[in-house]
Amino acid sequence: MTGKKGRQWRSMCKGLILGALLTSSMILVYCLSNPQIHFSLPEVPVPYSCARSSSQLHLKPASNRSQTNTKRSCSPKVDIMFMKTHKTASSTFLNILFRFGEKHQLKFAFPNSRNDFLYPAPFHRSYIKDYKPGMCFNIICNHMRFNATEVAKVLPTDASYITILRDPAELFESSFHYFGRLVPFTWKVPGDDKLTEFLLDPHSYFDPGGFNSFYLKNLLFFDFGQDNTLKPDDPRVDERISFISERFQLVMLVEHFEESLILLKEALCWDMEDLLFFKLNARKGSTVSKLTPELRARALEWNAIDWKLYQHFNRTFWKKVDAYGRERMAKDVAELKKRNKEMTSICIEGGQAVEAGRIQETDLQPWQPIGEKSIMGYNLKKNIGNAHKTLCRKMLMPEIQYLTEFGVNLWITKLWGHVRDIINW
């Protein structure tokens, strides 16, 4: 009896602690997620680039687009705006960017106190750590809600704008799994299979003004700073897609990640070794809901604007591949896969990702969704030669840990992480 009462008391105390922490944290996150009052900042021209002079950057031959046998020399483009969209393998690409920036000693525009620029508030340059008008940056790449006017004020005018998209049905499934518990209107969805229940009649649950509701409807369009609740045939949708198309030089696709990186290499004059990657933030297969054809159709209908956006850039993507050359693309993709496989054998214990509970180093533990540990990670091999030791660790390092190494103050993110760990307790 005493043991039973003890367990009841522990359970009650645990519930009180979790409730108090969750309530406090949600209030804190809510306050920090709301747009701040922006004081007028003086307009100071951004320097052309704060990278080392082009003569100091590595020059390499690049094939001439005219299909002649002549060669041109180019230096890597280092001024980059990467629009980090949600649930689109963007963390994997972020790791590539971090390593490229370190290699060329580039200046990143990082957020302060957390790992995003006060998302979902529209981006403002005052959100940049230690920002002063006229400061020079090469790369901005953390999560934000895109605001073209403000972004343009912190990068050189010829900066390359890049982003990545994912099939909206698969993205919705991933977002529902990852963010669902943080969207209050999902709490009333009955049954164990909440995703299916929601898609059968989303209008009966969805609250467009609800807290975090943007995570579960046209999330891509929302990330680009647009109204995700517009009707798909609203003329503003096509106008904004055209604007995105004009602003971004390359829109990559998750489903063709290697091909996307090869197009990036061509556009920015990078080297093949700059593209090496391991897939980060992958979910455990057992947690992925397999969408039936009916559910997929419902997910695409519910996210009709994102589907319109994706179809547009899917067409432009394959036009770029055709211009690059299908045979040439296949050869380069095979080369990239070969090099990644070699790095896997050099760096990763067991040669594959493992569940969170089997990751040996805290520094390699990825961020987990609230309530469970479904994101997989890696173990670093013990005896790696000096030639690869640093590269292997960097390639396996999750975003939060990498930002910490850069010296970014992440106290809000880390506080929320501790609360999530207690909730997962």
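Since this is a predicted model, take the numbers as computed values, not measurements.

Some points on the overall build of the chain
If you tally the helices and strands in the chain, you get 14 helices and six strands. Here the chain, with 425 residues, has 50% of them falling under the buried criterion. Just so you have it, the chain exposes about 20800 Å², and 54% of that area is on carbon and sulfur atoms.

Regarding the sheet that holds strand S6 (residues 250–253)
What the four strands build is an open sheet, ordered S4-S3-S5-S6; its pairing is parallel. Of all strands in the sheet, those with a lone pairing partner are strand S4 (139–140) and S6, marking the two edges. Bridge count for strand S3 (residues 80–83) against S4 is two bridges, and the pairing is parallel. Residue pairing in the sheet places Ile80 in a bridge with Ile139 of S4. Of the strands in this sheet, S3, strand S5 (160–165) and S6 touch helix H8 (residues 257–268), which is tilted by about 160° from S6.

Observations concerning the side chain of Thr413
Secondary-structure assignment places Thr413 in helix H14 (residues 411–423). Overall, Thr413 belongs to the buried group, its relative accessible area being 6%. Sequence-distant contacts of Thr413, defined by excluding residues within four places in its chain, comprise Ser113, Arg114, Asn115, Trp367 and Ile400.

Topic: the pattern of salt bridges
Using the criterion set out here, one finds 20 salt bridges in the structure. Two residues, Asp274 and Lys103, come together in a salt bridge whose shortest N-O distance is 2.8 Å. Note that Asp274 is positioned in the loop between H8 and helix H9 (293–302) and Lys103 in helix H2 (residues 90–103), a separation of 171 residues in sequence. Classification of Asp274 by relative accessible area gives buried; the value is 7%. Measuring nitrogen to oxygen at the nearest pair gives 3.0 Å for the salt bridge that ties Arg283 to Glu173. Separated by 110 residues along the polypeptide, Arg283 in the loop between H8 and H9 and Glu173 in helix H4 (residues 168–179) bring together distant segments of the chain. Both residues of the pair, Arg283 and Glu173, belong to the buried class.

Details of the state of the cysteines
Evaluation of the coordinates by the stated rule reveals two disulfides. The partner cysteine of Cys74 in its disulfide is Cys269, sulfur to sulfur 1.6 Å. Measuring the twist about the S-S bond at about 60°, one finds the Cys74-Cys269 disulfide to be right-handed. Taken together, the residues span a long stretch of sequence, with Cys74 in strand S2 (residues 71–74) and Cys269 in the loop between H8 and H9 at a distance of 195 residues. Across the disulfide from Cys347 sits Cys392; the S-S distance is 1.9 Å. Negative torsions about the S-S bond denote left-handed disulfides, and the value of about -65° found for Cys347 with Cys392 makes this one left-handed. With a gap of 45 residues between them, Cys347 in helix H11 (residues 326–347) and Cys392 in helix H12 (residues 386–396) connect regions that are remote in the sequence. Taking the relative accessible area as the measure of exposure, Cys347 reaches 0% and is therefore buried. According to the relative accessible area criterion, Cys392 is buried, its value standing at 0%. What links to what in the chain: the bonded cysteines, counted in sequence order, pair as 1-2, 3-4.

A short note on the environment of Leu250
Tracing the chain through its elements places Leu250 in strand S6. Taking the C-alpha atoms as reference, Leu250 lies 9.3 Å from Phe313; in sequence the two are 63 residues apart. Not counting residues within four places of it along the chain, the set of residues in contact with Leu250 comprises Tyr161, Ile162, Thr163, Ser260, Leu263, Leu264 and Lys320.

Digging into the nonpolar core
A general feature of soluble globular proteins is that nonpolar side chains tend to end up buried together. Ranked by internal contacts, the top residues of the largest apolar core, which has 116 residues, are Met81, Phe198 and Leu261. Looking at which element gives the most residues to this core, the answer is helix H10 (residues 304–324), with seven residues. Every residue in contact with Phe198, bar those within four places of it in the chain, is listed here: Phe172, Phe176, Phe185, Val189, Tyr205, Phe206 and Trp302.

A look at the packing of H2 against H8
Relative orientation of the contacting elements H2 and H8 amounts to 30°, with a least axis distance of 12 Å. Between H2 and H8 lies a crossing of right-handed hand. Contacts between H2 and H8 involve Thr92, Phe93 and Ile96 from the first element and Phe257, Leu261 and Leu264 from the second.

Quick notes on the environment of Glu43
Relative to the elements of secondary structure, Glu43 occurs in the loop between helix H1 (2–33) and strand S1 (60–63). Put simply, Glu43 and Lys153 are 110 residues apart on the chain and 8.2 Å apart in space, counted from C-alpha to C-alpha. Residues within four places of Glu43 in sequence aside, it is in contact with Arg125 and Lys153.

Thresholds, definitions, all that
- Residue numbering note: each chain is counted from 1, following its sequence as written.
- Local features in this predicted model are restricted to residues whose pLDDT is 70 or higher, and side-chain atom pairs enter the listing and the counts only when it is 80 or higher, whereas totals over whole chains, interfaces and linings include all residues.
- Side-chain metrics rest on all non-hydrogen atoms present in the structure, leaving aside hydrogens and water.
- Starting at the N terminus, helices and strands are each numbered in turn, a helix being any DSSP run of H or I of at least four residues and a strand any DSSP run of E of at least two.
- Whether a residue is buried, partly exposed or exposed follows from its accessible area with a 1.4 Å probe, protein chains only, as a fraction of its type maximum: under 20%, in between, or over 50%, in that order.
- Calculation of accessible area relied on Shrake-Rupley with a 1.4 Å probe; when residues are assessed, cover is drawn exclusively from the protein chains displayed.
- Should DSSP find at least two bridges between two strands, the strands are regarded as paired.
- Contacts were defined at the residue level, with two residues in contact if any of their heavy atoms lie within 4.5 Å.
- Only the stretch in contact is used when a helix axis is fitted, and all axes are lines through C-alpha atoms; the angle between N-to-C directions ranges over 0 to 180 degrees.
- Should a side-chain nitrogen of Lys or Arg be within 4 Å of a carboxyl oxygen of Asp or Glu, the pair is scored as a salt bridge.
- The definition used for a disulfide is geometric: two cysteine sulfur atoms within 2.5 Å.
- For our purposes a nonpolar core is just a set of buried Ala, Val, Leu, Ile, Met, Phe, Trp, Tyr and Cys residues, chained together by side-chain atoms within 4.5 Å.
- The handedness criterion is simple: a crossing whose near helix is rotated anticlockwise from the far helix by less than a right angle is left-handed, and one whose near helix is rotated clockwise is right-handed.

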